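Structural overview
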Amino acid sequence: MHDALKASTALVRVAPKHCSAGARVRAKFISCMLAAVFASLPAAAPAEGWQAVEEVRPYAISGTSGAALYESIGEHGPKAGVTGRVIAHTTFKLTWTRKYEPQGSACVITTNKPKLIITYTLPKPSAALPPAVKTSWEGFISGVAAHERVHGETIKEMVREIEATSIGLTAADDPNCKKIRVELTRRLGEISARQRQRGRDFDKVEMGDGGNIQQLILKLVNGP
């Protein structure tokens, strides 16, 4: 018997605040995470050589100064639940194909094949920028993209941990392969919770006073 699960979660980064052109701002940040949906999660065997598909999905913004670009982010950034619009976010779609095999009175997971698609949603100016603004923007967006890539790496590490805990998992006295699903769901819930906490811890440092993301925003807004 084969089972497949599709799960997606948004890792929400920073909620931009509007600012007038040329104004010096002290950015405030909101971060949150939408939990991965792992209900009724059936599991998998180490997939040899699997690779995540990573894609960038840009959204258009406008402006000819750093402050104007940031203000446009506040107007056009992706929506993310109660936090409103955000600068960027990372989402993933995870599909598992699993095979549960009765072996005597036990049940064993013998196949565990993941398919992982990670999407980074990032702002992109819709028109050419003045040279000085372009340089400032490139520094900003490269830093934001690098931040999101860290979250992408924690997602991939989560998938590898799911593989490791799933393949060969055995439940005794489970010829109908029911108890094993309950146990797997419990384990995957713990793995998912650890991944979300890692993201929260990372964001707390990055988005705190004097943190990397705050510095990136202040340089962009207070620059040319």
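These notes cover the structure that comes with them. (Residues numbered from 1 in each chain as written. Predicted model: local features only at pLDDT ≥ 70, side-chain atom pairs only at ≥ 80, totals over all residues. Heavy atoms only, no water.)

**Description of unusual backbone geometry**
Heads up, the rule is: Secondary structure elements are defined from DSSP: runs of H or I of at least 4 residues count as helices, runs of E of at least 2 residues count as strands, and each element is numbered from the N terminus. The buried label goes to any residue with under 20% of its type's maximum accessible area, the exposed label to any with over 50%, and the partly exposed label to all in between, with areas taken from a 1.4 Å probe on protein chains only.
We note that Asp173 has phi near 50 degrees; this positive angle belongs to a residue other than glycine. Mapped onto the fold, Asp173 is located in the loop between β6 (170–171) and α3 (179–207). Of the residues examined, Asp173 reaches a relative accessible area of 57% and is grouped as exposed. A positive phi is found at Cys177, a non-glycine position, where the angle reads about 55 degrees. Inspection of the secondary structure puts Cys177 in the loop between β6 and α3.

**Quick look at the environment of Ala128**
Secondary-structure assignment places Ala128 in the loop between β5 (106–125) and α2 (131–166). C-alpha separation for the pair Ala128 and Gly63, spaced 65 residues apart in sequence, amounts to 9.5 Å.

**Overview of the side chain of Arg196**
To keep things clear, this is the line we draw: When charges are tallied, Lys and Arg are placed among the positive residues and Asp and Glu among the negative ones, while His and the ends of the chain are skipped. The term salt bridge refers to a pairing of a side-chain nitrogen on Lys or Arg with a carboxyl oxygen on Asp or Glu at a separation within 4 Å. Here a polar contact is recorded for every N or O atom pair within 3.5 Å, except that within protein the pair must consist of a potential hydrogen donor and a potential acceptor, and residues adjacent in sequence are included only if both atoms are side-chain atoms.
Topologically, Arg196 is positioned in helix α3. Glu190 provides the closest opposite charge to the buried, unpaired Arg196, separated from it by 12 Å. Reaching out from Arg196, the side chain makes a polar contact with the side chain of Ser192 at a distance of 2.6 Å.

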